[in-house]
Amino acid sequence: MTEPDVLDLWEHSVREHADGPALVSPHRVLTYRDADRLTDAWAAFLAERGAGPGELVGLAFGDPARTVLGMLAALKAGAGFTVLDDRLPPAARTALVARTAAAVWLGDGAHAPEGAHVPHGPAEDADATEPARPVRRAGGSDVAYVLFTSGSTGRPKGTVIERDALRRFAAAVASRLELTTHDRWLQVASLGFDVLIEEVFPAFAAGAAVVCREDTRALDAEELHIALARTRITVVELSTQYWLEYARWLDGNGTATPETLRTVVVGGERMDPVPYRRWQARQPAGLAHVYGLTECTVSSTFYTGLLSSDAEEVPLGTALRDVEISIRQDGRPVPDGGTGEIHIGGPLLARGFLDDEEATARRFVPDPYAARPDARVYRTGDLGRIGPDGQLVFLGRVDDQVKIRGHRLEPARVERALCEGGGVGQAVVFPDPETGTALWAFTVPADPAAAPLPGEAVRLTGADRDALVAPLEAQLPDWAVPRVLYRVSVLPKNPHGKVDKKRLAAWAAAASGAPAAASGAPAAATAPATAPVTEAAGTEQEPLGTVLALFREVLDAPALGPDDNFFDHGGQSLLALRLLARLRESRSGAAGLRASALFTAPTPRLLADALAARAVAHP
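Chains are numbered independently. Their residues run from 1 in the order of the written sequence. Restriction of local features to residues with pLDDT of at least 70 applies here, the model being predicted, together with a cutoff of 80 or more for giving and counting side-chain atom pairs; totals for whole chains, interfaces and linings are based on all residues. As a convention, hydrogens and water are excluded, and side-chain values are obtained from all of the structure's heavy atoms.

1. Focus on the packing of helix H3 (residues 64–76) against helix H6 (residues 195–206)
Then, number 1: To obtain each axis, a line is fitted to C-alpha atoms, and for helices this fit is confined to the stretch in contact; angles are then taken between N-to-C directions over 0 to 180 degrees. Here a strand is any run of E in DSSP of at least two residues, a helix any run of H or I of at least four, and the numbering for each starts at the N terminus. Interhelical geometry of H3 versus H6 gives an angle of 65° and a closest axis separation of 12 Å. One way to sum up the angle between H3 and H6 is to call them roughly perpendicular. Taken as a pair, H3 and H6 cross one another with a handedness that is right-handed. Contacts between H3 and H6 pair Thr67, Val68, Met71, Leu72 and Leu75 from the former with Leu196, Ile197, Val200, Phe201 and Phe204 from the latter.
Then, number 2: Only Asp, Glu, Lys and Arg are considered charged, only Ala, Val, Leu, Ile, Met, Phe, Trp, Tyr, Cys and Pro nonpolar, and every remaining residue, Gly among them, polar. Across the contact of H3 with H6, the residue classes break down as nine nonpolar, one polar and no charged. Convention used here: angles under 35 degrees read as roughly parallel, angles over 145 as roughly antiparallel, angles from 65 to 115 as roughly perpendicular, and any remaining angle as oblique. The hand of a helix crossing depends on one turn: near helix anticlockwise from the far one by less than a right angle means left-handed, and clockwise means right-handed. Every residue pair with non-hydrogen atoms within 4.5 Å of one another is taken to be in contact.

Encoded structure:
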């Protein structure tokens, strides 16, 4: 008897829904029949170049739709796939390309490695003369894909997911969300992030359509809303912070989710119950709160209930089919309702980490309490309990690991990098207390003479800040680079002997948001919190004043000046989306302005000038 395979789900949808949409992009709609024939041709192309069971196909497209086609084609060739994230610094991309040792690379993005191929020609129209798909020889234990986690303790870990785990996962999510052939799932996750898997394969298992963007650029809340309505999306998955931005935009505009949208899947970080209840009271689209890890094939639990008024946490939900959740202390199950480390077992577990037996053995451990002699569980490092209603509840971390915009990070990795550059004797890194979307860093200079007075936190800007941030940007992804940096004389400790982060945050607050002058610059260069904008007269002053006020509001930096850089003062992608949304609300000339404008005009003055130029060009 033939072993079940993840492609069986695809082939069933091709047979039963051949003329229905499978992949929708701004320029093309591929039916299941079209996509099947095209990816057959791509699979033959890959097989001719050495792709097969046990091998990897690397994907580095700038086009999400081509990435999805490449994933399918790799599986059809019997190989697995890996997706290269275009946001990684060049050195990190080069290292990941070397580590994957892919048999062949497909891609046309600027981040594609040298020698990458682009299947083209007749394959785009896949006619009867196209070569047939190679005979599939892969088994359930062969690799389906390798995606890299954030590498919280050092270099990124490549998580190896097998074909049987992917098959079971796709079917389980399709069942839990009750997906049908009428559903349309919008692909919004960054390519290379494991949420991409959840956006694609459950939809294909159900014969639904995956709707792709034109490129990988992040959509702000308004653009997301327009895309959801225009493409008649029924399901979308958003990170916790992204969802909060969308919910805030909906409330601010007094509007509701599009009529066709039925489910918003949300996960990645702890969820505050207040906005969750507010959404459920106001919005017609339902919520599915999910929890999972790359090592366990994306999501493991789903919560879709109506949150009670007295709930202090939003539950993580109940386990998917084929997922086993247990709470343990020191490896032993705790009594019902007890608190301990969340362990995940079952056939959706990854094989382990790519070429890292030590890390695999440390996190994937034998399960002496399972009926199967070879059973394993994954130690998540998350604390939780299972309530009397069977719902899993998240209670924090066992270690110091944090989540930044959906990515896991052990701050020690960034702290070590800060100290390696010289000039820094000690460092501590943690998420900003207000939003949790950006990292703060507090550094103690190696030279005591350079330290501020005890109890003071001096904000670093200009050359001082650049000297610390530039080396990090060369080796870390954007979300792992601290955006707000302070210099202190000592890292205070709490009664338990750990760094007192609350006291550090209080020192920063005491600085009233005023950035420290760069080395060698006069202190008077820092504008006071109430400094008026007097740099321009006439028509320029009003837009600059508006833009500056919004910069200060979004960054919570009342002393920000007209020439202060957005990204030097804690700005990052989510805050950029918020700033652009606020600009559009207050200035008609900002309509259509994209968040990418902040990269070329990152100061209030430059952005105000850009708005003025737009007003002249489009009166």
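That was the structure; now back to the text.
2. So, the pairing of strand E2 (residues 28–31)
The side chains of a regular strand alternate, first on one face of the sheet and then on the other.
Then, number 1: Pairing of strand E1 (residues 21–25) with E2 involves four bridges; the strand directions are antiparallel. In the sheet register, serine 25 faces E2, and the bridge partner there is arginine 28.
Then, number 2: Here E1 folds back onto E2 in antiparallel fashion, the turn holding two residues. For two strands to pair, DSSP has to find at least two bridges joining them.

3. Some thoughts on helix H2 (residues 32–48)
Then, number 1: Here H2 spans 24 Å end to end across 17 residues, near enough to the 24 Å set by a 1.5 Å rise per residue.
Then, number 2: Three labels apply to residues, based on accessible area from a 1.4 Å probe with only protein chains included: buried if under 20% of the type maximum, exposed if over 50%, partly exposed otherwise in between. For H2, the buried fraction is high: twelve of the 17 residues fall into the buried class.
Then, number 3: Of all the positions in H2, only Tyr32, Ala35, Asp36, Leu38, Thr39, Asp40, Ala41, Trp42, Ala43, Ala44, Phe45 and Leu46 are classed as buried.
Then, number 4: Of the residues trailing H2, glycine 50 is marked for its positive phi of about 100°. Under the convention used throughout, the expected extent of a helix is 1.5 Å for every residue step, that is, one less than its residue count.

4. Observations concerning the sheet that holds strand E14 (residues 318–319)
Then, number 1: Spatially, the nine strands line up as an open sheet ordered E2-E1-E9-E8-E10-E11-E12-E13-E14, and their pairing is mixed. Looking at which strands have only one partner, the edges of the open sheet turn out to be E2 and E14.
Then, number 2: Pairing analysis gives five bridges linking strand E11 (residues 263–267) to strand E12 (residues 286–291), with the strands arranged parallel. Looking across to E12, one finds that threonine 263 is bridged to glycine 286.

5. So, helix H12 (residues 462–475)
Then, number 1: When the terminal C-alpha atoms of H12 are compared, their 21 Å separation across 14 residues agrees well with the 20 Å that a helix rising 1.5 Å per residue should span.
Then, number 2: Taken together, the buried residues of H12 touch helix H11 (411–420), strand E24 (424–431), strand E25 (439–445) and strand E27 (484–487).

6. Remarks on the environment of arginine 133
Then, number 1: With respect to the element layout, arginine 133 can be found in the loop between strand E5 (104–106) and strand E6 (143–148).
Then, number 2: Each C-alpha atom, one on arginine 133 and one on phenylalanine 45, is 9.1 Å from the other, the two residues being 88 residues apart in sequence.
Then, number 3: Setting aside its immediate chain neighbours within four residues, arginine 133 contacts Leu7, Glu11, Asp36, Asp40, Ala43 and Lys76.

7. Observations concerning the pairing of strand E4 (residues 80–83)
Then, number 1: Side chains of E4 alternate between two faces, with Gly80 and Thr82 and Phe81 and Val83 buried alike.
Then, number 2: Two elements, strand E3 (residues 56–59) and E4, share four bridges in a ladder whose sense is parallel. By the bridge assignment, glycine 58 is partnered in E4 with threonine 82.
Then, number 3: In terms of handedness, the path from E3 via H3 over to E4 forms a crossover that is right-handed. When the strands point away from the viewer and the path from the first strand over the helix to the second turns clockwise, the crossover is right-handed.

8. What to know about the packing of aromatic side chains
Then, number 1: Centres within 6.5 Å make a pair out of two Phe, Tyr or Trp rings, where for Trp the six-membered ring is used; the pair is then stacked when the planes are under 30 degrees apart, edge-to-face when over 60, and tilted otherwise. For the coordinates displayed, the defined rule picks out 18 aromatic pairs.
Then, number 2: Ring centres 6.4 Å apart and planes at 35° place the aromatic pair tyrosine 276 and tyrosine 303 in the tilted group. With tyrosine 276 in helix H9 (residues 273–282) and tyrosine 303 in strand E13 (residues 301–303), this residue pair connects regions lying 27 residues apart in the sequence.
Then, number 3: Here tyrosine 276 falls in the buried class, since its relative accessible area comes to 0%.
Then, number 4: On the numbers, 4.8 Å between centres and 55° between planes, the contact of phenylalanine 364 with tyrosine 378 is tilted. With a gap of 14 residues between them, phenylalanine 364 in strand E19 (residues 364–366) and tyrosine 378 in strand E20 (residues 376–386) connect regions that are remote in the sequence.

9. Describing the confidence of the model for the protein
Then, number 1: Considering every residue of the protein, the mean pLDDT works out to 85; 88% of them sit at 70 or more.
Then, number 2: Confidence drops under a pLDDT of 50 for residues 121–128, and excluding neighbours within four residues, the segment shows 16 contacts in the predicted structure.
Then, number 3: The score called pLDDT rates the predictor's confidence residue by residue, from a low of 0 to a high of 100. Confidence drops under a pLDDT of 50 for residues 513–541, and excluding neighbours within four residues, the segment shows 41 contacts in the predicted structure.

10. Here we look at unusual backbone geometry
Then, number 1: Despite not being glycine, threonine 297 has its phi angle at roughly 65°, a positive value.
Then, number 2: Position of threonine 297 relative to the elements: it lies in the loop between E12 and E13.
Then, number 3: Accessibility expressed as a relative area gives 0% for threonine 297, which makes it buried.
Then, number 4: In this model, valine 298 sits at a positive phi of 65°, which is unusual for a non-glycine residue.
Then, number 5: Residue position: valine 298 is located in the loop between E12 and E13.
Then, number 6: For valine 298, a relative accessible area of 4% corresponds to the buried category.

11. A look at the pattern of salt bridges
Then, number 1: One speaks of a salt bridge when a side-chain nitrogen belonging to Lys or Arg is within 4 Å of a carboxyl oxygen belonging to Asp or Glu. Under the defined criterion, the tally for this structure stands at 25 salt bridges.
Then, number 2: Across the salt bridge formed by aspartate 164 and arginine 167, the nearest N and O atoms sit 2.7 Å from each other. Of this pair, aspartate 164 and arginine 167 both sit in helix H5 (residues 163–176), three residues apart, which is roughly one turn of the helix.
Then, number 3: Judged by relative accessible area, aspartate 164 falls into the buried class, the value being 18%.
Then, number 4: In this structure, glutamate 313 engages arginine 270 in a salt bridge whose closest nitrogen and oxygen atoms are separated by 3.1 Å. One end of the pair, glutamate 313, is in the loop between E13 and E14; the other, arginine 270, is in the loop between E11 and H9, and 43 residues separate them in sequence.
Then, number 5: By relative accessible area, which is 26% here, glutamate 313 ends up partly exposed.
Then, number 6: Arginine 270 sits in the partly exposed class, given a relative accessible area of 45%.
Then, number 7: Among the charged side chains, a salt-bridge network with shared partners connects Asp164, Arg167, Arg168 and Asp322.

12. Section: the environment of glycine 268
Then, number 1: Relative to the helices and strands, glycine 268 is located in the loop between E11 and H9.
Then, number 2: Judged by relative accessible area, which is 25%, glycine 268 ranks as partly exposed.
Then, number 3: Residues glycine 268 and glutamine 241, 27 residues apart in the sequence, show an inter-C-alpha distance of 8.6 Å.

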